[in-house]
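Letter by letter, the chains look like this.
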Amino acid sequence: MELTGQSIIGYQRGGNTGELFYAFDPAAGEELKPPFYSASPAEIGKAAQLAAASFQTYRQLMGGERATFLRRIAGNLEDLGETLVERATRETALPAARIRGERARTANQLRFFAAIIEEGSWVDARIDQGDPARQPVPKPDVRSMLEPLGPVAVFGASNFPLAFSVAGGDTASALAAGNPVIALAHYSHPGTAELAGMAIRDAAREQGLPEGVFSLLFDARQSVGKVLVEHPDVKAVAFTGSRAGGTALGKLAASRPEPIPFYAEMGSVNPVFILPSALETRAEALAKDLHTSVTLGVGQFCTNPGVVVTMAPADAFAASLAALMNQTAAQPMLNRNIAGAYRRAVSERSAHSRVKSAGGQPEDVHTEPKDADNGPDNCRSRAALFQTDAASFVAHPELQAEIFGPSTLLVAARSREDLLNVARQMEGNLTATIHGTERDLREFADLIAILETKVGRIIFNGFPTGVEVCNAMVHGGPYPSTSDGRNTSVGGRAILRFTRPVAYQDFPESALPPELRDQNPLGIWREVDGRFTK
Ligand code: NAP
């Protein structure tokens, strides 16, 4: 498939007069062809208008028809074969094996939502039958279910060019629920975005779906996205990326004349608590596994363990981890902005009066990437290990900031109370991890109780990187890890973000949606007069 660099507006292509930009290969230090063109205000308006016009038809398709659409997208993505792998590898410097794995995960995610909507019970149908004879007033017949919101704008992140991007979980769950999607291509992987966008457009066309059920817009730098969030035809936004980006766009969504739901999945430091028994019995293995988790994908994961709390003495563990961090070679990061932000953050932390550099980065890590220098070393960054004590961590909230990259901060607690204090002071995170024994879990029940109020997922004797796509998964957490901690962007519940409940009171059977009719023609699970039944 030939890349054109032009936005996909329904079944048409955008023009080639908007602001121009190129993808950049961070490993080779060179620009990639072709040029990409930012969508014009007229093209953004056209994509939104087509999406709004397609909504009435698309939302009323049966779950099975939308499931076919999602499965076609998955198949088209797979059919892109090595073309997709090569382009994504060049745009991100991520290894081909990782991209192949991510493509499989993305296709599986689309099929996962297809299965959910084909089965149909996700609509949460509730029926309270009427009773005209009730005294003192008759009881109305009330039936409700979840229904889609309307066009959803999707902002993907740079670090998952497939699974959290154009055809990723937000798009899959929004389309599954019956919403058209307008995706914004990330400037860091526009070619990968265009390939995924063509896979979705072709799936829509093959199935004869109304034009506008999907569009993809290019943006040289943060202008198209703002117009999209403010467009009156856009009814919800899903964002994955930095806290700064999520906060800025969230304010726009909230200050519209018609405020809309805005779901931002942002950064996180994912604290790991290593309890004394784990440290006594497996310090070496823990250091090795932690090092793998911190440096995986050059540390560019929202689930990267950025804070590790131990109870003294943890010297042997810290020394093993430092030795591994020292041996870690510099690797290219996703783009120059991310490499620059990482080096600035490492430099600031090295200079913090309450923090000690404990391993990893040599002096040259402080060098800023230079815009004029596109050399292959410009995006390479080294691992960085820091140490502090619990009292300093609690007194300095800036130490909770995410450093997006292969870095972690060891926090030494002197007592159980010290460790609990760290947990109490943690802000909202996607995950927390506990290493210990089952007996520890009983003895540290208060730690679990604190973490339950702070994170979306608690892991026992594992590491937070690697998020399983399954019905029970929670990939979310209290602010600031997300803008709204009641949601998840991965797993079956992700679909709920793009719906709202609608109740029908005293409607005749023939005018009700099939999900709410007496005979239950779709055979879904429903709550009828307080009882779950098929
Ligand atoms: P990013 O720089 O925030 O970019 C994400 C998207 O938002 C891009 O399309 C970007 O547009 C847009 N954007 C950012 N700031 C904006 C603003 N002020 N106005 C308009 N648009 C704006 O994030 P990233 O560097 O791609 O991703 C890294 C971050 O994502 C890390 O913090 C990581 O932890 C987080 N992340 C979170 C999850 C999760 O599930 N919680 C998953 C993956 C990554 P431009 O391309 O034009 O800048």
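Rules used in this analysis
Residues numbered from 1 in each chain as written. Predicted model: local features only at pLDDT ≥ 70, side-chain atom pairs only at ≥ 80, totals over all residues. Heavy atoms only, no water. Helix = DSSP H or I, 4+ residues; strand = E, 2+ residues; numbered from the N terminus. Buried < 20%, exposed > 50% of the residue type's maximum accessible area, 1.4 Å probe, protein only. Lys, Arg positive; Asp, Glu negative; His and termini not counted. Salt bridge = Lys/Arg side-chain N within 4 Å of Asp/Glu carboxyl O. Contact = heavy atoms within 4.5 Å. Axes fitted to C-alpha atoms, helices over the stretch in contact; angles between N-to-C directions. Parallel < 35°, antiparallel > 145°, perpendicular 65-115°, else oblique. Left-handed = near helix turned anticlockwise from the far one by under 90°. Nonpolar A, V, L, I, M, F, W, Y, C, P; charged D, E, K, R; others polar. Phe/Tyr/Trp six-rings, centres within 6.5 Å; stacked < 30°, edge-to-face > 60°. Lys NZ or Arg CZ within 6 Å of the ring centre and 35° of its normal. Domains from an automatic or database assignment. Buried area = accessible area lost by both parts, 1.4 Å probe.

**Q** What should I look at first to understand the side chain of glutamate 265 in this one?
**A** Among the secondary structure elements, glutamate 265 is positioned in strand β11 (residues 262-265). For glutamate 265, which is buried and forms no salt bridge, the nearest opposite charge comes from arginine 497, at a distance of 4.6 Å. Not counting residues up to four positions away in its chain, the partners in contact with glutamate 265 are Phe239, Thr240, Gly241, Leu430, His475, Gly476, Ser481, Thr482, Thr488 and Ser489.

**Q** Whenever I open this one, the packing of helix α2 (residues 63-79) against helix α5 (residues 169-177) confuses me. Can you help?
**A** Packed helices, taken two at a time, are described by the angle their axes make and the gap between the axes. As a packed pair, α2 and α5 sit with axes 9 Å apart at the nearest point and diverge in direction by 155°. Classified by the angle between their axes, α2 and α5 sit roughly antiparallel to one another. The two elements α2 and α5 cross, and the hand of that crossing is right-handed. Contacts between α2 and α5 involve Arg66, Phe69, Leu70 and Ile73 on the former and, on the latter, Ala172, Leu175, Ala176 and Ala177. Looking at the contact of α2 with α5 residue by residue, the class counts come to 7 nonpolar, no polar and 1 charged.

**Q** What am I meant to see in the packing of aromatic side chains here?
**A** Aromatic rings considered in pairs are described by the distance between their centres and by the relative angle of their planes. According to the stated counting rule, one finds 10 aromatic pairs in the structure shown. Ring geometry for tyrosine 504 versus phenylalanine 507: centroids 5.3 Å apart, planes at 70°, classification edge-to-face. Exposure remark for tyrosine 504: the relative accessible area of 14% places this residue in the buried category. Looking at phenylalanine 507, the relative accessible area reads 39%, which means it is partly exposed. Taken together, Phe21, Phe36 and Phe218 form an aromatic cluster joined through their ring pairs. One residue, arginine 221, lies across the ring of tyrosine 187, its end atom 4.3 Å from the ring centre. Over the ring of phenylalanine 24 we find arginine 336, and its NZ or CZ is 3.9 Å from the ring centre.

**Q** I tried to follow the domain arrangement of the protein on my own but got confused; where do I start?
**A** By a widespread convention, an interface's size corresponds to the accessible area lost as its parts come together. Here the protein is partitioned into domain 1 (8-266 + 488-497) and domain 2 (272-460). Each of domain 1 and domain 2 has a C-alpha centre, and the two are 32 Å apart. If you look at the interface, domain 1 gives 20 residues, while domain 2 gives 18 residues. Summed over both sides, the interface between domain 1 and domain 2 buries roughly 1,500 Å², with carbon and sulfur atoms accounting for 51% of that surface. In terms of surface lost to domain 2, no three residues of domain 1 exceed Phe24, Pro26 and Asn159, which account for 31% of the buried area on that side. Across the domain 1-domain 2 interface, the total number found is 1 salt bridge. As a salt-bridge pair, arginine 243 and glutamate 427 come within 2.9 Å of each other at their nearest N and O atoms. Within the side of domain 1 that touches domain 2, the residues separate by chemical class into 9 nonpolar, 5 polar and 6 charged.

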